[in-house]
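# Overview (structure and organization)
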Amino acid sequence: MRKLEKTAQGYFDKGLAESTKKSYSSARNRYLAFCTESALDPFPVNEHKLSLFVSYAAQSGLKYQTIKCYLSGLRYAQISL
């Protein structure tokens with residue numbers, strides 16, 4: 001089963017452009033930093049944590065498009081665990 005999971009992950013990763021992977025990595029890092037600051041267990045991601053993170057990101061001055069991209073990145077991180 002592990003080999004099949006590895007193959008599936010490979011296909012999943014190939015579906016993203018390198019620039020998207022970089023953006024998603026930035027989102028994950030920012031989210032992990034937020035969770036550390038807030039003493040939250042980052043995974044699994046849930047609506048409550050996302051709501052707090054979006055508020056944090058907006059207060060930090062991030063624009064709507066960046067926050068939207070970060071949410072996509074967190075979705076990707078959650079699925080790829």
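Further up the page is the structure itself.
Description of the structure in this document. (Residues numbered from 1 in each chain as written. Predicted model: local features only at pLDDT ≥ 70, side-chain atom pairs only at ≥ 80, totals over all residues. Heavy atoms only, no water.)

### Structural notes on the overall build of the protein chain
This is how the line gets drawn: Only DSSP runs of H or I reaching four residues or more are called helices, and only runs of E reaching two or more are called strands; each is numbered from the N terminus. Only protein chains enter the accessibility calculation, which uses a 1.4 Å probe. A residue is then buried if its area is under 20% of the maximum for its type, exposed if over 50%, and partly exposed in between. What makes two residues a contact is simply this: any of their non-hydrogen atoms within 4.5 Å.
A count of helices and strands for the protein chain gives four helices and zero strands. Sequence-ordered secondary structure for the protein chain, helices as α and strands as β, is α-α-α-α. Along the first, second and third principal axes, the C-alpha set of the protein chain runs to 40 × 25 × 15 Å. Burial statistics for the protein chain: of 81 residues in total, 23% are counted as buried. Here the analysis covers contacts within the protein chain between residues at least 6 apart in sequence; of these, 52% occur between residues at least 24 apart.

### What to know about unusual backbone geometry
For residues besides glycine, phi is generally negative; the peptide bonds are generally trans as well. Of the consecutive residues Phe-43 and Pro-44, the connecting peptide bond is found in the cis state with omega at 5°. Structurally, the position occupied by Pro-44 is in the loop between helix H2 (18–38) and helix H3 (47–59). The phi angle at Ala-39 is positive, at roughly 55°, despite the residue not being glycine. Residue position: Ala-39 is located in the loop between H2 and H3.

### Structural notes on helix H4 (residues 64–79)
Formally: What a helix is expected to span follows from its residue count: subtract one and scale by 1.5 Å.
Between its first and last C-alpha, H4 extends 23 Å over 16 residues, near the 22 Å set by a 1.5 Å rise per residue. Within the sequence span of H4, burial applies to Ile-67, Tyr-70, Gly-73, Leu-74, Tyr-76 and Ala-77.

### Comments concerning the packing of aromatic side chains
Our working definition: Any two of the Phe, Tyr and Trp rings considered here, Trp counted by its six-membered ring, make a pair once their centres fall within 6.5 Å; the pair's planes then place it as stacked at under 30 degrees, edge-to-face at over 60, or tilted in between.
Scanning the model with the defined rule gives eight aromatic pairs in all. Among the aromatic residues, those joined into a cluster by ring pairs are Tyr-31, Phe-34, Phe-43, Phe-53, Tyr-56 and Tyr-70.

### Quick look at the packing of H2 against H3
Put simply, the rule is: Here, axes are lines fitted to C-alpha atoms. For helices the fit covers the stretch in contact, and angles between N-to-C directions go from 0 to 180 degrees. Roughly parallel covers angles under 35 degrees, roughly antiparallel covers those over 145, roughly perpendicular covers 65 to 115, and oblique covers all other angles. Following the grouping adopted for this structure description, the nonpolar residues are Ala, Val, Leu, Ile, Met, Phe, Trp, Tyr, Cys and Pro, the charged ones are Asp, Glu, Lys and Arg, and the polar ones are all others, Gly among them.
Between H2 and H3, the least distance of the axes is 11 Å, while the angle of their chain directions is 100°. Accordingly, the angle class assigned to the pair H2 and H3 is roughly perpendicular. Counted together, Ala-27, Arg-30, Tyr-31, Phe-34 and Glu-37 of H2 and Lys-49, Leu-52, Phe-53 and Tyr-56 of H3 form the full contact between these two elements. Within the contact of H2 with H3, the residues separate by chemical class into six nonpolar, no polar and three charged.

### Observations regarding the packing of H3 against H4
To be explicit about the condition: Here is the rule for handedness: rotate from the far helix to the near one, and if that takes an anticlockwise turn smaller than a right angle the crossing is left-handed, while a clockwise turn gives right-handed.
Where H3 meets H4, the axes come as close as 11 Å, and the angle between the chain directions of the two elements is 145°. As for the relative orientation of H3 and H4, their crossing is right-handed in sense. Within the contact between the two elements, H3 uses Leu-50, Phe-53, Val-54, Ala-57 and Ala-58 and H4 uses Ile-67, Tyr-70, Leu-71 and Leu-74. The residue inventory of the contact of H3 with H4, partitioned by class, reads nine nonpolar, no polar and no charged.

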